[in-house]
Amino acid sequence: MSVLSVTNLQKNFGKLKVLKDISFQINDGEIVTIIGSSGSGKSTLLRCMNQLEKVTKGTIEINGHTLVSMNGDTPEYASKEVQKKILMETGFVFQNFNLFPHYSVLRNVMEAPVQVAGIPKEEAREKAFGLLRKLGLEEKADAYPCELSGGQSQRVSIARALALEPKILFFDEPTSALDPELTGEVLKVIKSLADLNMTMVIVTHEMAFAKEISDRVIFMDQGVIVEDAAPEDVFNSANERTREFLGKYHDIA
Amino acid sequence: MIDSIIQWFEKLPGIADMLLHNGLDQTLIIFFLTLVFGLTLGLVLALGRMTRFKIIQLPVRFYLLIMRGTPLILQLYGFYFGLNLLLGIRIERTMAAVVAFSLNYAAYFAEIYRSGIQAIPNGQYEAAKVLGFSKAQTFFKIILPQVVKIILPPMGSECMTLVKDTSLAHVIGVMEIYVVAANNMSRSRGMEYLIVAGIFYLIMNMIVSKVFGILEKRMSYYR
């Protein structure tokens, strides 16, 4: 069953065409990584699906809601209520964490459930603690983001994204801002979510990780999807552009 | 010689007591009411200055230019006598001073707010957005608390200036500390009154400085 479907998506920044006619679907429980060089449009694609950018053209459907559809030649967005509903049913993890620095770790995680979903404080606190425990952060509940390492910060931001119990989780280069030795702990957490059957869309430069965790790999280049296939097919592809890109990474087994 | 110095110092407590009962209340009324109204109006002006709607932004920019670009003393005169001469409206002097001060200081506060708001990284707005926060929730829960921390130092400075600027209210006949001291000085032909008035301003600003120090410390739990 498809939980995310993107059809003929285009995104221009002024005259620059960043996304050119992108279409794909993601099924319930699937883990899809999006790879490609910088400027290929993968982050923009993720941001379009999470309402951080407005599409120039195209249709996006998430969890049975239509976020944007085409009305003739112009994109038409869903009502504010539907937009918010979609945001609550999806989680987004940023490259730079973007934790709220003035809130404790616990409050970072419970703020959206309380403010946005209207869950009673006590219940939200319990759940937030549960999430922090699961991610090995329970001693950090009262700490502030400035007291955390990069790896801990990213785990907190994953906990924050999970707090609204999203059906789909998006990761925008979750380890790119981390020292190599901290990357592992974040990747481990993401893998542990895979075991929970969470649908995940991950933009990453970690090729070994992509190969290991993905059900499918999408390779993007210059605003188009070049390949959309099982990891072994993409990593052994005969396509010249794919081979050239993957050739820059030495860590692929 | 020694006797005359001692005599001079002995006059000071009496003068302080006199100023405490004549003038200090006017100074404090102007100071606190200007803070309340100025900080509120300033926030509204800051938002108006930053909106992309030109129909709001341009008048606000014009307002900020006039208020910051002309002397406060002219604005006091203009507000008090102008209203009277042009429209025949007569308001109580202290209230006129409070309104004129608030209108003026709001312009400076607005720019301080704006500097703070623009210092917040875009990622904070984006993080709030993907979690489903509304625009109002994002501003009041996520942005504003962080802005307060950033703008405390310049706000403290501005408040110290306000303490001293209250002395300008005498030009429209408000009997605040400075003018009371100055009137008495010309009668007594000595510096004592002005020195005591100066000490009053200094003490008020030591308190302002202390209060802001405490606030900054309370906000220092995060970076």
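Only a predicted model underlies this, so the values are computations on that prediction, with no experimental measurement involved.

> Even after reading the chapter, I still don't get the side chain of Ser-167 of chain B, so can you show me in this structure?
All names here are of chain B. Along the chain, Ser-167 falls in the loop between helix H7 (135–165) and helix H8 (177–188). For Ser-167, a relative accessible area of 17% translates into the label buried. A polar side-chain atom of Ser-167 sits 2.7 Å from the main-chain carbonyl oxygen of Lys-164. Not counting residues within four places of it along the chain, the set of residues in contact with Ser-167 comprises Glu-176, Tyr-178 and Tyr-201.

> For this particular structure, what's the right way to read the sheet that holds strand S6 (residues 74–77) of chain A?
The pairing of strands in a sheet comes from backbone hydrogen bonds and takes either a parallel or an antiparallel form. All names here are of chain A. As summarised here, the arrangement of the five strands in space is S2-S1-S4-S5-S6, forming an open sheet in which the pairing is antiparallel. The sheet is open, and its two edges are formed by strand S2 (16–27) and S6, each paired on a single side. Sheet twist, expressed as the mean angle between neighbouring strand axes with direction ignored, is 20°. Strand direction decides the pairing type here: strand S1 (residues 2–13) and strand S4 (residues 57–62), joined by five bridges, are antiparallel. Pairing of Leu-4 across the sheet is with Ile-62, part of S4. The strands touched by helix H2 (residues 80–89) are S4, strand S5 (65–71) and S6; relative to S5, the strand with the most contacts, the crossing angle is about 130°.

> I tried to follow the UniProt feature "domain: ABC transmembrane type-1" (unreviewed entry) in chain B on my own but got confused; where do I start?
Those places that UniProt annotates as "domain: ABC transmembrane type-1" (unreviewed entry) correspond, in this numbering, to residues 24–212 of chain B. Within residues 24–212 of chain B, the helical portion is 84% and the strand portion 0%, while the C-alpha atoms at the span's ends are 22 Å from each other.

> I tried to follow the UniProt feature "transmembrane region" (unreviewed entry) in chain B on my own but got confused; where do I start?
All names here are of chain B. Look at the UniProt record and you will see "transmembrane region" (unreviewed entry) annotated at residues 28–48, 60–83 and 193–215. Secondary structure content for residues 60–83 is 92% helix and 0% strand, and the end C-alpha separation is 22 Å. Taken end to end, residues 193–215 has its terminal C-alpha atoms 33 Å apart, with 100% of it in helix and 0% in strand.

> In this structure, what is going on with the pattern of salt bridges? I would like to understand it.
In a structure, side chains of opposite charge can pair up when their charged atoms sit close to one another. Applying the stated criterion to the full structure yields 17 salt bridges over all chains. Between Arg-47 of chain A and Glu-126 of chain B there is a salt bridge, with its nearest N and O atoms 2.5 Å apart. Linking Arg-47 of chain A in helix H1 (residues 42–49) with Glu-126 of chain B in helix H6 (residues 122–130), this pair reaches from one chain into another. This pair shows no difference in class: Arg-47 of chain A is buried, exactly as Glu-126 of chain B is. The shortest N-O distance in the salt bridge between Lys-85 of chain A and Glu-89 of chain A comes to 3.9 Å. Taken as a pair, Lys-85 of chain A and Glu-89 of chain A lie in helix H2 at a separation of four residues, close to a single helical turn. With a relative accessible area of 44%, Lys-85 of chain A lands in the partly exposed category.

> Would you explain the layout of surface pockets in this entry?
It is the rolling of a water-molecule-sized probe over the atoms that shows where space remains empty. Considering only enclosed or pocket space, the largest pocket measures out at about 1,200 Å³ in volume. Along its surface, the largest pocket is lined by 27 residues, and Tyr-125, Lys-129, Ser-134, Lys-135 and Thr-138 of chain B are the ones closest to its centre. Only H2 of chain A together with helix H2 (24–50), H6 and H7 of chain B provide two or more residues apiece to the lining of the largest pocket. Residue classes in the lining of the largest pocket are distributed as eleven nonpolar, seven polar and nine charged. At the level of secondary structure, the elements contributing two or more residues to the lining of the second largest pocket comprise H2, H7 and helix H9 (192–218) of chain B. Residue composition of the lining of the second largest pocket, by class: 23 nonpolar, one polar and no charged.

Cut-offs applied
Residues numbered from 1 in each chain as written. Chains lettered and ligands numbered in written order. Predicted model: local features only at pLDDT ≥ 70, side-chain atom pairs only at ≥ 80, totals over all residues. Heavy atoms only, no water. Helix = DSSP H or I, 4+ residues; strand = E, 2+ residues; numbered from the N terminus. Buried < 20%, exposed > 50% of the residue type's maximum accessible area, 1.4 Å probe, protein only. Polar contact = N/O pair within 3.5 Å; in protein donor to acceptor, adjacent residues only side chain to side chain. Contact = heavy atoms within 4.5 Å. Pairing = 2+ DSSP bridges. Axes fitted to C-alpha atoms, helices over the stretch in contact; angles between N-to-C directions. UniProt positions renumbered as here; feature names shortened; annotations may be inferred. Salt bridge = Lys/Arg side-chain N within 4 Å of Asp/Glu carboxyl O. 1 Å grid on protein atoms, 1.4 Å probe; cavity = no way out; pocket = protein on both sides within 12 Å on 5 of 7 lines; lining within 4 Å. Points joined across faces, edges and corners; volume = space filled by probe spheres on them. Nonpolar A, V, L, I, M, F, W, Y, C, P; charged D, E, K, R; others polar.

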